[in-house]
Structures are given as structure tokens and as C-alpha cells.
Amino acid sequence: GTKILIAFTTVAILAVGLVGFFAFSIGSSTMEAESFNKLTAVREMKGDQIEDYFALIENQVITFSEDRMIIDAMREFDDGLHAVESDLGITETEMQEIDARLESYYEEEFLPRLSTNFLEDVSVEDFWPEDNRVRVLQDLYIASNSFDVGSKHLLDNPGDGSSYSQTHEIYHPIIRDFLEKFGYYDIFLVDVDTGGHIAYSVFKEVDFGTSLLTGPYADTNFAAAYNAARDAVDKDFVKVVDFEPYAPSYNAPAAFIASPIFDGDEKIGVLVFQFPIDRINAVMTSNQNWSAVGLGESGETYIVGDDFLLRNQSRFLIEDSENYFKLIEEIGTPRTTIARIRNFNSTIGLQEVQTEGTEAALSGETGTAIFPDYRGVPVLSSYKPLDVRDVNWVIMSEIDQAEAFAPVRALGIQTLIGVLVLIAVIVIMAILFSRTITRPLDQLTQTA
């Protein structure tokens, strides 16, 4: 009876155990593959959206630069800028008053906001425009503008009577409306023959009027975009420059796209758009509704540049900033970087993401893998390079390994319970069956 019980039980345990093992292995592999397939589907969808969006921006900047209104506006703004001092008959005393108001604005409004995001000491002299005409315009549209900082673009005409302000009253509402409808951060018109001055901008930050050739922002990525378009001979030329800290925007990361403005065969200026960060974020975060696209509680998609810095917001900063800052501090993120992320409430151009996936994607590879992300948390990742003009960007679609494998763990527990129950049932049946064989033998033995 003991031998029969051992034989039955051994065969049953081996059979059920093997069936359970293979069921768990196949099920877990299928679930893992399905998780990667979801991430890849989201990656492809978001990648296509970003590439299409940049193609749209390229077409917009080319089309807008060819618009007759923009051509006329470029000429008139350029003429108005260079004539504003003589138009107003500015005396030396009036110029001193203008400088005093403008300097007060720089010291009381601009520098305090800039200094919280700047890693070194700055002064008014670092950004002061040397050209009298530029300071006159900055006083009219910035320092003496009654609208608050961030709303200076609401002024159509300061009422000074200059030809510049008359031109501004005509074109500014139209260009501002275009900016608001398409969500651009700013739009600029820059001359090419008279010093590279920013003859017009919608939001009137401290770069307004300055020269991108000799002024305080001649070494910025804005100037790089301008110089490329300024030297172009093709009317459909477009230059994109990647995000970099930009002082007039209080050192927030800024990217630009530029196209030359031709009047017939004559190049008269450059049209520049400052990228709409909000639109890129809206695409990459699915309007902060990650679960709607299958990314669960911890999944996200994000863009990384060739400097290994994020180009859109981190989900974890938006949803759980306290835990996000705790994790990035634990993995050794510099305190200055953490402070700037806190100040901007943004990870764009600040959060480093140098992982196995970003390194592979930036080298041109497309694939999937499991590795620690920028928080040090293991994730399932699907990655590939993006096809965006003039920049080396990659897109990552990821979800925490713990969440992705939660169904696998549940399957393992269910399989184990099922195996134990089956083994218990088989043992009981084996005992009962062995007794049906051994009981007659026991009786025969007693009788003998």
C-alpha cells in the first residue's frame, strides 16, 4: 500500500508540476511580450505625432515667411526701429529719463526673476542694449508698458506717435492672434541688412530690438538659428535649433525655428518662431491622461536629446513631485539641477536620462529592454530615434517593471495554488485507491 501511494503521488506531482511550470512560463512570456507590444504601439503613435507636428511647424514658418503681410511688416518694422529716435526727437535729457526707467525695470523686474534660475551672478550691464533706438523701444513697449510682466504683448500702441508704433498697431494684433491660435511661445522678425536687430517680437522680452550679431544674445541658440537662415539662398530653407537655456526667457530652455523672408529675389529678413513647449508636452503626456493610452499608473513617454536631457515634462514630477525629488536625490542628481527643476517646475532641458535605452536609441538603434530609468527604478522600455529636422532626439515609452509584471506575479500565485490543490486531491485519491487493493490482501493474509 505504501509503495502504491508513493508511486501514484510521485507521478502526480511530477505531471502536475511540469504542467504548472510550462503554463506559468508560457503565460508570463506572453504577458511580458504583450507589455512590450503596448509600449511599442504607444511609442510609434507618439513618435508619429511629434514628427508630424514638427513637419507642420516647418510648413507654417515657410508659408508665413512668404505671406505678403509679413514681407511688408518686416520692411516697415525695420524702418521704424531705425527711425524711432529721430521720429520722437529724443533729447539728451529725455534719453537719460528713458535709461533710468529701463534700468529700473531690469533691476526690479528682470534680474530678480532671472537670478533664481541663473548659476552665476548677473548685472544690468550683462544685458544692457547699447543702441539708443533699442532702449527707446524697450522703454515704450516694456518699461513704460502698463501691462504686467507676461502680458506686455497686449499693448498695441503706446501712443508715442512714431512710425514704429503706427506699424505695430496694424500688424501686431494679427501676428499675436496667429501666435495664440497655434500656441507659439513667441514670434520674431529680424532684419538682415541693418545689424541683425530683432525688429519685432510678440511678447517683448529683453531681447526685443537687440542685435543678434553684436548684442548681448549673439552667442545664443536663437542667434544660431538666425545666422543659418540669414545665410540661406533657398526661400524654403528652415533651420531648427535645440533647446538651450535662454536668458530673456528667464533662462528657461528655449528652441527656435527660422526661415528667411524674401521679397521677390531680395532677402529682407528672417522669421523666427520660439517653440511651443506646451504643445509638445500635451502630445507626450496625452494631456496628462497617461492611463487612457494604456500606460497604467507608472507609464510615460518622453523625448531625450543628444545631451541626454529631457525635452518634455516627467509624469512623476507632475503627479508625485515629492517622491520624484526623493528618488532623483537618492541617485545623486546635483543639488543645483534639483533646485532649477523646482524653480521652473519643469524637467525640460534639466533632467538627465542617460540609460541603456537612451544610449542605444541615440546611436540609431530601435528596440526594447528592461533597465533602471532616470529615477533608478527598473522599467520596461521601448525606444527609437525620432526623425526631426536638425536635432538628434529619441523617444522612450516606459512603464515600471513592478506594475508591468504584476499580472505575472498574480499568474504565478494562481498557478501555485492550483498545483497544490491538485496534488492534495491526487494524494487523497491515491490513498483511497491503494486501500481498495490492500484491504482484500489484508483479509487474505489473516485468513491464511
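Refer to the preceding data block for the structure.
Being a predicted model, the structure only gives us computed values, none of them experimental.

(A) Representation of the overall build of the chain. Broken down by element type, the chain carries 13 helices and nine strands. Its C-alpha atoms give the chain a radius of gyration of 33 Å, more than 25% over the compact-globule value 22 Å for 448 residues. The principal-axis extents of the C-alpha atoms in the chain amount to approximately 140 × 45 × 30 Å. When burial is assessed residue by residue, the chain has 49% of its 448 residues classed as buried. Of all intrachain contacts in the chain linking residues separated by at least 6 positions in sequence, the fraction that spans at least 24 positions is 62%. Accessible surface, the chain: about 20700 Å² in total, of which carbon and sulfur atoms supply 54%. For the chain, the centre of its 31 positive side-chain charges and the centre of its 71 negative side-chain charges are spaced 11 Å apart.

(B) Structural detail: the layout of surface pockets. What the largest pocket holds in volume is close to 420 Å³. Lining the largest pocket are 20 residues, with Tyr185, Ala252, Pro253, Ile277 and Asp278 positioned closest to its centre. Contributing elements (two or more residues each) for the lining of the largest pocket: strand E4 (252-263), helix H7 (277-284) and helix H10 (335-344). A breakdown of the residues in the lining of the largest pocket according to their chemical character gives 12 nonpolar, seven polar and one charged.

(C) Structural context of the sheet that holds strand E2 (residues 198-201). Pairing within the open sheet is antiparallel, and its five strands lie in the order E2-E1-E5-E4-E3. For this open sheet the edge positions go to E2 and strand E3 (239-246), each flanked by a neighbour on one side alone. Adjacent strand axes in the sheet meet at a mean angle of 25° when their direction is disregarded. The pairing of E3 with E4 spans six bridges and is classified as antiparallel. Bridging from a neighbouring strand, proline 245 pairs with proline 253 of E4. Running at roughly 65° to strand E1 (residues 186-191), helix H2 (residues 68-88) makes contact with E1, E2, E4 and strand E5 (266-274) of the sheet.

(D) The arrangement of the packing of aromatic side chains in detail. The full count for this structure, using the stated rule, is 32 aromatic pairs. For lysine 204, the ring lying beneath its charged end belongs to phenylalanine 208, and the centroid distance is 5.5 Å. The aromatic ring of phenylalanine 325 is capped on one face by arginine 342, whose charged end is 3.9 Å from the ring centroid.

(E) How the structure looks around the pairing of E1. Here E1 lies mainly inside the structure; six of its six residues are buried. Burial along E1 is two-sided: the face carrying Asp186, Phe188 and Val190 and the face carrying Ile187, Leu189 and Asp191 are both buried. The pairing of E1 with E5 spans six bridges and is classified as antiparallel. Its bridge partner being in E5, aspartate 186 is matched across the sheet by glutamine 274. Pairing analysis gives three bridges linking E1 to E2, with the strands arranged antiparallel. Directly across from phenylalanine 188, in E2, lies its bridge partner serine 201. Between the antiparallel neighbours E1 and E2 lie six residues, among them glycine 195 with a positive phi of about 110°.

Each value, and the rule that gives it
- Residues numbered from 1 in each chain as written.
- Predicted model: local features only at pLDDT ≥ 70, side-chain atom pairs only at ≥ 80, totals over all residues.
- Heavy atoms only, no water.
- Helix = DSSP H or I, 4+ residues; strand = E, 2+ residues; numbered from the N terminus.
- Rg over C-alpha atoms; globule rule 2.2 N^0.38 Å.
- Buried < 20%, exposed > 50% of the residue type's maximum accessible area, 1.4 Å probe, protein only.
- Contact = heavy atoms within 4.5 Å.
- Areas by Shrake-Rupley, 256 points an atom, 1.4 Å probe, with all protein chains shown as cover.
- Lys, Arg positive; Asp, Glu negative; His and termini not counted.
- Charge placed at Lys NZ, Arg CZ, Asp CG, Glu CD.
- 1 Å grid on protein atoms, 1.4 Å probe; cavity = no way out; pocket = protein on both sides within 12 Å on 5 of 7 lines; lining within 4 Å.
- Points joined across faces, edges and corners; volume = space filled by probe spheres on them.
- Nonpolar A, V, L, I, M, F, W, Y, C, P; charged D, E, K, R; others polar.
- Pairing = 2+ DSSP bridges.
- Axes fitted to C-alpha atoms, helices over the stretch in contact; angles between N-to-C directions.
- Phe/Tyr/Trp six-rings, centres within 6.5 Å; stacked < 30°, edge-to-face > 60°.
- Lys NZ or Arg CZ within 6 Å of the ring centre and 35° of its normal.

So, to be careful, I would describe these as geometric facts and stop short of saying anything about function.
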